[in-house]
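Per-entry structural report
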Amino acid sequence: MTALNLSTHRRLQQLPQIASVWEGDRRPLVSGMPSSADWTDAGAGSEPNGECILWVDGSQGMVRAMDVVTPETGSEAVVRTLLRAMEHPHNPNSPARPQKIVVSDRELLFYLRGVLQDLDITLDYVPSLPLIDEIFRGFQDAVSSRPPQLPPQYAEALTQKAITLWHDAPWDMFADHQILAIEVNRWDIDTLYASVMGMLGMEFGVLFYRSLESLQRFRERVLTNESLEDMEEAFLGQDCLFVTFENEGDEKEGVNLSIVPTIDAIEPVFGNLHPLEGLRSFLYDEEAMALMVVLEAFHRFMRQHRSKFEPDTFPAVSSRYRIPLPAEVIVDAPADEATKTATIAIKVSTMPDLAAELLALTDTDDDDASFPAVRDDLVPENSFLSLGVVPWDMLDLLRSGMAEHQPMTEVKAAGDGFPVVMIQTSRPKAKTLIGAIKAAGGLQAICFNPGADPFDSEHYDLGLFQTGNGDLHLFGEFGDDDPTHIAARKKWDQRCKKTNGCCGLIVATGLTGASRGKPQFKDMVALFEARSLTAKDLGLGTLQLRLAADF
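Residues numbered from 1 in each chain as written. Predicted model: local features only at pLDDT ≥ 70, side-chain atom pairs only at ≥ 80, totals over all residues. Heavy atoms only, no water.

A few words now on the overall build of the protein. In terms of helices and strands, the protein carries 15 helices and 23 strands. Within the protein, the proportion of its 551 residues that are buried is 46%. For the protein, restricting intrachain contacts to residue pairs at least 6 apart in sequence, the fraction spanning at least 24 positions comes to 69%. (Helix = DSSP H or I, 4+ residues; strand = E, 2+ residues; numbered from the N terminus. Buried < 20%, exposed > 50% of the residue type's maximum accessible area, 1.4 Å probe, protein only. Contact = heavy atoms within 4.5 Å.)

So, in structure tokens, the structure goes:
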């Protein structure tokens, strides 16, 4: 069992102790139960997707700390949240120690007794936790009161229209600046302006803007704003309906939608964006009705005119279609509606002049094209990463024994050894990593550069690989106040100075075996020798996290 550091123990003892009883527990969340205050999971199923850790002051009736973790996370997370409840509680609470803690899990009680000993806190088991029970009942009530993603009477038909859209693959025909006008003139909608996402292979779908002004304003704001806050504000400022496609394997395996072979793995997602509503991942009746007929008209237009759209061409094309209305739509039509007919006339037209105008907007931003983007797709997830040194005699063995070796001329043998970045992963992923580096022209340089996440005001020391084709690849993101990394980075700089900037990357296997974290010579499969660059050499300044837009 992990114990608290003595310094942490002393710090907690110095907190004032209040005559309160705190309740603590961790409970499973289901999709749709809010880990944050949004509606993006509305209408989803009830599969567990995490666990919520809560610490509340039962005497005051207030939440002091809360966290959401994966089910696999150990009991240490409960203690971390408890320490936050003591030292950095939610407002308006003040830092304090409770007089008593009660939990309804005997295993957790045993664990806490071992960790919190000598803090003068009484720990006890109770069969129920009234305040936490009430909080979770509120969560469940909120989930049950949310509407489904689609109105039930339109769900099957609209989902089928989305599947047809996926098979039509409009992203193979249209770039996102090639806008189509779809005249509806019903359900308080005059014209929707369709912008297709997916030609860059990042995200697939269609945005149906309610006005040209909203479409143009969004694109202008994305091109002129750099901070994450500005990008988020521009995104939420759109006024549109949307259909996008998600692949369940994306989160688990990082699968690119562009290589998904069938529709079976794809789930269509419908929703609405509005400057005053924000993002809403469900549709009301009139929105669903409008989207059904618009998708059908869009499908007919692509089927009729696909041969006219060669690469880099966007001719003026226009067609009218009479779209049958589903029986549910006719029944739901307002009694005072003059045209309760079984069909609706829809006109679909390309807008080549607008496409040229929008393309010109992106062309003016070409000055930024030379600024290198940092990619995060080279180093396999969950790899073990370390900064270290290889003794000079060991380096000679590695050079002669590696299956893959990228040599470097005139390496100065000075200091205690050759500074290296070590990446340990599984054997298949190691082969993929090595192949990707070779395909990119080999490893040219290893560098560190300051980075910042403006969304949460965090600052980092970013570890970067520069490959032969000039691309930068993130291999590590280290907190600028992490004492372990600060010490390792200091030694790295000192060693690189002694070797005149010579350093290397070692790729090793055995991540899941006994040599995890301490790869042996037999586990090392590749050595890339390269140059060490400073942030000044790169000349990039502080790199900021930015949203990637698919246009």
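That covers the picture; the talk isn't over yet.
Another point: the pairing of strand S10 (residues 266-274). In summary, the side chains of a regular strand alternate between the two faces of the sheet. Among the nine residues that make up S10, seven are buried, leaving the element largely enclosed by the rest of the structure. Of the pairings in the sheet, the one linking S10 to strand S11 (residues 278-280) comprises three bridges and is antiparallel in character. Across the sheet, Leu273 pairs through a bridge with Leu279, a residue of S11. (Pairing = 2+ DSSP bridges.)

End to end, helix H2 (residues 76-87) covers 16 Å across twelve residues, agreeing with the expected 16 Å (1.5 Å per residue, within 8%). Burial runs high along H2: nine of the twelve residues are buried. Those residues of H2 that sit buried are Ala77, Val78, Val79, Thr81, Leu82, Leu83, Ala85, Met86 and Glu87. (Expected span 1.5 Å × (residues − 1).)

With that settled, consider the environment of Leu83. Here Leu83 shows up in helix H2. Separated by 75 residues in sequence, Leu83 and Thr8 have C-alpha atoms that sit 9.6 Å apart. Setting aside its immediate chain neighbours within four residues, Leu83 contacts Leu4, Leu12 and His88.

Right, let's get into the pattern of salt bridges. Tallied over the entire structure, the rule returns 22 salt bridges. Note that Asp493 is salt-bridged to Arg489, the shortest N-O span being 3.2 Å. One end of the pair is Asp493 and the other is Arg489, both in helix H14 (residues 483-498) and four residues apart, which spans about a single turn. A single network of salt bridges, built from pairs that share partners, joins Arg210, Asp239, Glu277, Arg280 and Glu287. (Salt bridge = Lys/Arg side-chain N within 4 Å of Asp/Glu carboxyl O.)

Packing of H2 against helix H3 (residues 106-115) brings their axes to within 10 Å, and their N-to-C directions diverge by 60°. By the criterion of interaxial angle, the relationship of H2 to H3 is oblique. In this structure, the crossing between H2 and H3 has a hand that is right-handed. Note on element contacts: H3 touches H2 through Leu108, Tyr111, Leu112 and Val115, opposite Glu76, Val78, Val79 and Leu82. For the contact of H2 with H3, the class distribution of residues is seven nonpolar, no polar and one charged. (Axes fitted to C-alpha atoms, helices over the stretch in contact; angles between N-to-C directions. Parallel < 35°, antiparallel > 145°, perpendicular 65-115°, else oblique. Left-handed = near helix turned anticlockwise from the far one by under 90°. Nonpolar A, V, L, I, M, F, W, Y, C, P; charged D, E, K, R; others polar.)

It is worth spelling out the nonpolar core at this point. Of all hydrophobic cores here, the largest spans 49 residues; its most connected members are Phe174 and Phe208. With residues near it in sequence (within four places) discarded, Phe208 still touches Ile182, Leu192, Tyr193, Ala194, Asp239, Cys240, Leu241, Val243, Leu291, Val294 and Leu295. Core analysis: the next-biggest nonpolar cluster, separate from the first, contains 26 residues, Trp22, Ala85, Ile101 and Tyr111 among them. (Core = buried A, V, L, I, M, F, W, Y, C linked by side-chain atoms within 4.5 Å.)

On inspection of all chains with the given rule, the structure shows 16 aromatic pairs. When the centroid spacing of 6.0 Å and the interplanar angle of 40° are considered together, the rings of Phe309 and Phe314 count as tilted. Relative to Phe475, the ring of Phe465 has its centre 4.3 Å away and its plane inclined at 20°; by these criteria the two rings are stacked. Of this pair, Phe465 sits in strand S19 (residues 458-467) while Phe475 sits in strand S20 (residues 472-479), placing them ten residues apart in sequence. Taken together, the aromatic side chains of Phe448, Phe465, Phe475, Phe478 and Trp492 make up a single cluster linked through ring pairs. The ring of Phe282 is capped by Arg280, whose NZ or CZ atom sits 5.3 Å from the centre of that ring. (Phe/Tyr/Trp six-rings, centres within 6.5 Å; stacked < 30°, edge-to-face > 60°. Lys NZ or Arg CZ within 6 Å of the ring centre and 35° of its normal.)

Of note, the amide linkage connecting Asn91 to Pro92 takes the cis form, showing an omega dihedral of 5°. In this structure, Pro92 sits in the loop between H2 and strand S4 (97-103). The backbone phi angle of Ala169 is positive, close to 50°, even though this residue is not glycine. Looking at the element boundaries, Ala169 is found in the loop between helix H5 (152-168) and strand S6 (180-186). Of note in this structure, Glu410 is not a glycine but carries a positive phi near 55°. With respect to the helices, strands and loops of the structure, Glu410 is situated in the loop between strand S16 (404-406) and strand S17 (418-424).

Residues Trp392, Leu395 and Leu398 constitute the buried set of helix H12 (residues 392-401). End-on view of H12: buried residues confined to an arc of 100°, all on one side of the axis. Facing away from the buried side of H12 by more than 90 degrees, the exposed set consists of Asp393 and Ser400. In the core, the buried residues of H12 are packed alongside strand S15 (384-390), S17, strand S21 (502-508) and strand S22 (524-533). (Arc of directions from axis to C-beta.)

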